[in-house]
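The chain contents come next:
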Amino acid sequence: MQMHIIKKEDLKNHIFIDHTLIINEIERSIKSYNWDFILSSLPSGSFLVGGYIRDLILGRLNSVIDVDILVPKNAINVGKKIADKFEGKFIILDEARDVVRIIFKHISIDIASQISPSIDIDLLSRDFSINAIAFSFEEKLLIDPSNGIKDLQLAFLRTNSKQNLLDDPLRILRCFRFISELDFNVDVTLIDFIKTYKNQLRLVANERINYEIQRIIRGGKASQAIILINKFKIFDYIQSEKNLIFLDLEKINFEEFNKFEKEKFLPLFYLVQILDEFSLKNLKFSKSEISKIRLLRKWNLLLKVQNIYEFNEKERFDLHQELETILPSFILFLPKSFYVNWLARWRDKDDKLFHPSNLIKGNVLKKYLKIQDGPILGKVINYLSMELAYNRLNNFDEAIYKGKQWIQQNAPKCD
């Protein structure tokens, strides 16, 4: 897997793009996605900016559309009038910076006030050149002071200055999001900035970092981003544990996983590569996510001291019982020879080992075995489930018989 770090001077073949084509496509898309109704309510000197233009040029616009608009001033007032007029939900995102959001049924629109004397200066202060492109609604004109359109065509990620990163250190992490989502090459100067100032991330709200990580681990090229995050030790500032599960992602074969499995289980696999439990809690990950990471780490650590081939029946059963819902995330920690067989068995919902189940409900066992709720009942249920998993249990009568045997042999005796 190639590390996507290049020097700007290595880029050749300036690719010319006709701005007229882009402008026509912007105007067509505004009507197609049905948000042209707000244009008449925007003040003179308003611009479409940011990700909408980037994704349109890349052909990545989809049914979920986010629009960013820059107005000369008074964004809160402009947004409030638009929300009232067209019955949208109005949210003030940042009162100090004059940023609002209007949510309609089909689209979300952020409106912000221009922060610099001119649109060019404003754009040059943005995170990356590919996000520093604006379209003038009034003049039907593209403004691209940092050649972001060219960088989009070259799949090249760069910033105009280190100050652009320091103004909002979250942009350090956002770089890896664009590697993950867009598969972009990275300017070596930008990488130098990131390595130098990565600890500035400690100044960023944990919820914002969480959002970027969620985007990174779900991108189509997430493995490339994770490799770089680990290489540059981006999260060392927050980790309490240095012995994380670092696998050589370049050698892992993801081809055996189908589309659903990749989307659902690879993010969890990537997450366990970059954050420990302490960091996950600090960065506001959910209890469910933390619990799953804890289980993956537990069983991976066991693999370090015991070969999977040496697991006894009880250990194999416990593994499948605890990891049933996230097993594809764990399979990647195993030798490649396991992938096909384990995935096939996990996909088979009738496989009793890979999907442990009970032949008899607890209430029925209580009645026939004459026991009450408590540890003994739980252990009997678990024992019978394991017997079923290994095809040593066929019907109700066998289950009751084996349950009674187990109680006779294992229940505490009273003198």
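Predicted model, so just to flag it, every value in this text is computed and none were measured.

The rules behind each value
Residues numbered from 1 in each chain as written. Predicted model: local features only at pLDDT ≥ 70, side-chain atom pairs only at ≥ 80, totals over all residues. Heavy atoms only, no water. Helix = DSSP H or I, 4+ residues; strand = E, 2+ residues; numbered from the N terminus. Rg over C-alpha atoms; globule rule 2.2 N^0.38 Å. Buried < 20%, exposed > 50% of the residue type's maximum accessible area, 1.4 Å probe, protein only. Contact = heavy atoms within 4.5 Å. Areas by Shrake-Rupley, 256 points an atom, 1.4 Å probe, with all protein chains shown as cover. Lys, Arg positive; Asp, Glu negative; His and termini not counted. Charge placed at Lys NZ, Arg CZ, Asp CG, Glu CD. Pairing = 2+ DSSP bridges. Axes fitted to C-alpha atoms, helices over the stretch in contact; angles between N-to-C directions. Salt bridge = Lys/Arg side-chain N within 4 Å of Asp/Glu carboxyl O. Phe/Tyr/Trp six-rings, centres within 6.5 Å; stacked < 30°, edge-to-face > 60°. Lys NZ or Arg CZ within 6 Å of the ring centre and 35° of its normal. UniProt positions renumbered as here; feature names shortened; annotations may be inferred. Domains from an automatic or database assignment. Buried area = accessible area lost by both parts, 1.4 Å probe. Core = buried A, V, L, I, M, F, W, Y, C linked by side-chain atoms within 4.5 Å.

(A) Structural context of the overall build of the protein. Scanning the protein from N- to C-terminus turns up 19 helices and 10 strands. Relative to a compact globule of 415 residues, whose C-alpha radius of gyration would be 22 Å, the protein shows 28 Å and is clearly more extended. When its C-alpha atoms are laid out on the principal axes, the protein stretches across 90 × 50 × 35 Å. A buried classification covers 49% of the 415 residues belonging to the protein. Residue pairs at least 24 apart in sequence account for 68% of intrachain contacts in the protein once pairs closer than 6 positions are excluded. Summed over its atoms, the accessible surface of the protein is roughly 21,300 Å², and 49% of this surface lies on carbon and sulfur atoms. Of the side chains in the protein, 61 bear a positive and 55 a negative charge, and the two mean positions are spaced by 4 Å.

(B) Spatial organisation of unusual backbone geometry. The phi torsion at Glu 87 lies on the positive side, around 60°, for a residue other than glycine. Tracing the chain through its elements places Glu 87 in the loop between helix H3 (75–86) and strand S4 (89–94). Even without being glycine, Ala 155 reaches a positive phi, approximately 55°. Counting through the fold element by element, Ala 155 comes out in the loop between helix H5 (148–154) and strand S9 (156–157).

(C) Region of interest: the sheet that holds strand S8 (residues 141–143). The strand order S4-S5-S6-S3-S2-S7-S8 describes an open sheet built from 7 strands, whose pairing is mixed. Each having just a single partner strand, S4 and S8 make up the two edges of the open sheet. Here the strands of the sheet are splayed against their neighbours by 25° on average, with no regard to which way each runs. The pairing of S4 with strand S5 (residues 99–103) spans 5 bridges and is antiparallel. In the sheet register, Ile 92 faces S5, and the bridge partner there is Val 100. Lying on the sheet, helix H2 (residues 51–58) is in contact with strand S2 (47–49), strand S3 (66–71) and strand S7 (134–136); it crosses S2 at an angle near 65°.

(D) Seen up close, the pattern of salt bridges. In this structure the tally under the stated criterion is 24 salt bridges. Note that Lys 140 is salt-bridged to Glu 27, the shortest N-O span being 3.1 Å. Of this pair, Lys 140 sits in the loop between S7 and S8 while Glu 27 is found in helix H1 (residues 19–32), placing the two residues 113 residues apart along the sequence. We classify Lys 140 as partly exposed; its relative accessible area is 41%. For Glu 27, a relative accessible area of 28% translates into the label partly exposed. Among the salt bridges present, the one from Glu 387 reaches Arg 392, with a minimum N-O distance of 3.1 Å. Each of Asp 127, Arg 174, Arg 177 and Glu 212 takes part in salt bridges that share partners, so that together they form one network.

(E) Broad picture of the packing of aromatic side chains. Tallying each qualifying case throughout the model produces 20 aromatic pairs. Relative to Phe 178, the ring of Phe 128 lies with its centre 5.7 Å away and its plane at 90°, an arrangement referred to as edge-to-face. Remark: Phe 178 occurs in helix H7 (residues 170–182) and Phe 128 occurs in the loop between helix H4 (119–124) and S7; sequence separation between them is 50 residues. Assessed through its relative accessible area of 0%, Phe 128 is described here as buried. Ring geometry for Trp 342 and Phe 354: centres 5.4 Å apart, planes at 85°, overall edge-to-face. Remark: Phe 354 occurs in the loop between helix H16 (339–347) and helix H17 (362–369) and Trp 342 occurs in helix H16; sequence separation between them is 12 residues. Neither residue differs from the other here; Trp 342 and Phe 354 are each classed as buried. Of the aromatic side chains, those joined through ring pairs into one cluster are Phe 254, Phe 269, Tyr 270, Phe 330 and Phe 333. Over the face of the ring belonging to Phe 178 we find Arg 177, whose NZ or CZ atom lies 5.2 Å from the ring centre. Directly above the ring of Trp 346 sits Lys 349, whose terminal nitrogen or CZ lies 4.4 Å from the centroid.

(F) Fine view of the UniProt feature "domain: Poly A polymerase head" (unreviewed entry) in the protein. UniProt marks residues 47–112 and 116–155 with the feature "domain: Poly A polymerase head" (unreviewed entry), using the numbering shown here. In the segment residues 47–112, helix accounts for 30% and strand for 38%; the C-alpha atoms at its two ends are 10 Å apart. For the annotated span residues 116–155, helix accounts for 32% and strand for 15% of the residues, and the straight-line distance between the end C-alpha atoms is 28 Å.

(G) The environment of Tyr 383, seen in detail. Relative to the assigned elements, Tyr 383 resides in helix H18 (residues 375–389). Here the alpha-carbon distance between Tyr 383 and Lys 314, two residues 69 residues apart in the chain, equals 9.5 Å. For Tyr 383, the contacting residues outside a window of four places in its chain are Lys 402 and Trp 406.

(H) Representation of the domain arrangement of the protein in the model. Examined at the domain level, the protein breaks down into domain 1 (16–154), domain 2 (164–347) and domain 3 (362–410). Distance from the C-alpha centre of domain 2 to the C-alpha centre of domain 3: 39 Å. Contact with domain 2, which involves 5 residues of that partner, is made by 6 residues of domain 3. Across the domain 2 to domain 3 interface the summed buried area is about 520 Å²; carbon plus sulfur atoms make up 52%.

(I) Representation of the pairing of strand S6 (residues 108–113). Counting buried positions along S6 gives 6 out of 6 residues, so the element sits mostly inside the fold. Neither face of S6 is open: one carries Ser 108, Asp 110 and Ala 112, the other Ile 109, Ile 111 and Ser 113, and all of them are buried. Note: S3 against S6, 6 bridges, orientation parallel. Opposite Ile 69, over in S6, you have Ile 111 as the bridge partner. Bridge count for S5 against S6 is 5 bridges, and the pairing is antiparallel. Each residue of the ladder has a partner; that of Ile 102, found in S6, is Ile 109. The antiparallel hairpin formed by S5 and S6 contains 4 residues in its connecting segment.

(J) How the structure looks around the nonpolar core. Within the largest apolar cluster, 111 residues are counted, with the highest numbers of intra-cluster contacts made by Trp 35, Ile 69, Ile 111, Phe 176, Ile 213, Phe 235 and Phe 330. Trp 35 has contacts with Ser 29, Ile 30, Leu 48, Tyr 52, Val 67, Ile 69, His 106, Ile 107, Ile 109 and Phe 137, leaving out every residue within four places of it along the chain. Of all hydrophobic cores here, the second largest spans 14 residues; its members include Leu 369, Leu 384, Ala 399 and Ala 411.

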